[in-house]
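# Inside the fold
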Amino acid sequence: MRFLRSAQIRFSFILFGSLFLLPALLAPALAVAQDQSSPSNEPGPQPPWKYDGALSAFYQVTGASNGNFIREDTTESIGGLGSFRRPYRPWFGYELSYGFTRYSESYNKGVARVQDNVHEFTAAYLLQAPLFHGVAPFVTIGTGMVIFAPTSTGGGGRSSQVLPVFVYSLGLNRPLLSDRLGIRLQYRSLRYKTPSFNNVLLDAHTLRTTMEPSIGIYYRF
């Protein structure tokens, strides 16, 4: 059982690392392909920025899980999200994100309760439309990992757990004062296995969804 848990954690880290390296490995090939696709082989007008970074605050709501005679409920919480984006062209790019929040897991109406710090590491493909009527819509879809780390005071002595996650988001960018600085409105949805903190007595054997509407500031550079 311990071997399987270790293998799962190693696989999650390998998957996450591969996703982060993939955009960097593809970047040179994408640049060459873009140059070759131009008939004159001359670069067109380029924006003055290549990247953008953002800091957002989100409100976390997670649906209840029912399975294996276990009901699991999660308290709502406020969290923070940082993201880094590289749009290669208006309709293609990638996003790397880190999110953090803290909430409590309640099993079978409080028979067992675990307070945990939740860390989200994700990598996603970015589809971002050009500016339209003052806003730029975008969609992301990707994967990564979520780390559930029980707190020292409310964790009940449980062990941390690493789980793979599927994530997608929808949102809008709205420039402020200049094209470099703006407001980002975003809705993120994460799908992953209900955490059990490696305890078979808490394993509901179900998937759950976390919703994270957010608002933040981005800066292009």
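Residues numbered from 1 in each chain as written. Predicted model: local features only at pLDDT ≥ 70, side-chain atom pairs only at ≥ 80, totals over all residues. Heavy atoms only, no water.

Of all 15 residues making up strand S7 (residues 136-150), eleven are buried, and the element is well covered by its neighbours. Taken together, the 13 bridges between strand S6 (residues 112-128) and S7 define a ladder with antiparallel strand orientation. Looking at S7, one finds that Ala124 is bridged to Gly142. Relative to strand S8 (residues 161-176), S7 runs antiparallel, the two sharing 13 bridges. The partner of Ile147 across the bridge, within S8, is Val162. (Buried < 20%, exposed > 50% of the residue type's maximum accessible area, 1.4 Å probe, protein only. Helix = DSSP H or I, 4+ residues; strand = E, 2+ residues; numbered from the N terminus. Pairing = 2+ DSSP bridges.)

It is worth spelling out the pairing of strand S9 (residues 178-193) at this point. In the case of a regular strand, side chains alternate between the two sheet surfaces. Bridge analysis of S8 against S9 gives twelve bridges, and the strand direction is antiparallel. Each bridged residue has a counterpart across the sheet, and for Arg174 the counterpart in S9 is Ile183. Both S9 and strand S10 (residues 207-220) contribute to a ladder of 13 bridges, which runs antiparallel. Looking at S10, one finds that Arg184 is bridged to Gly216.

Let us look at a nonpolar patch on the surface. Together, Trp91, Tyr125, Leu127, Val139, Ile141, Phe166, Tyr168 and Leu170 make up a nonpolar patch on the protein surface, roughly 770 Å² of accessible area in all. Looking at the nonpolar patch, the elements that each hand over two or more residues are S6, S7 and S8. It is S8 that provides the largest number of residues to the nonpolar patch, a total of three residues. By the secondary structure assignment, Leu127 is in strand S6. When its relative accessible area of 45% is taken as the criterion, Leu127 is described as partly exposed. (Patch = residues over 30% accessible without salt bridge, like charges linked within 9 Å, V, L, I, M, F, W, Y side chains within 5 Å. Areas by Shrake-Rupley, 256 points an atom, 1.4 Å probe, with all protein chains shown as cover. Salt bridge = Lys/Arg side-chain N within 4 Å of Asp/Glu carboxyl O.)

Turning our attention to the packing of aromatic side chains. In this structure the tally under the stated criterion is eight aromatic pairs. On the numbers, 5.0 Å between centres and 45 degrees between planes, the contact of Tyr98 with Phe121 is tilted. Placement of Tyr98 in strand S5 (residues 92-107) and of Phe121 in strand S6 is noted, with a sequence separation of 23 residues between them. On the basis of relative accessible area, Tyr98 is assigned to the partly exposed category, the value being 34%. The residue whose ring lies beneath Arg86 is Tyr51, and the NZ or CZ to ring-centre distance is 5.3 Å. A cation over an aromatic ring shows up here: Arg184 above the ring of Phe138, its NZ or CZ 5.6 Å from the ring centre. (Phe/Tyr/Trp six-rings, centres within 6.5 Å; stacked < 30°, edge-to-face > 60°. Lys NZ or Arg CZ within 6 Å of the ring centre and 35° of its normal.)

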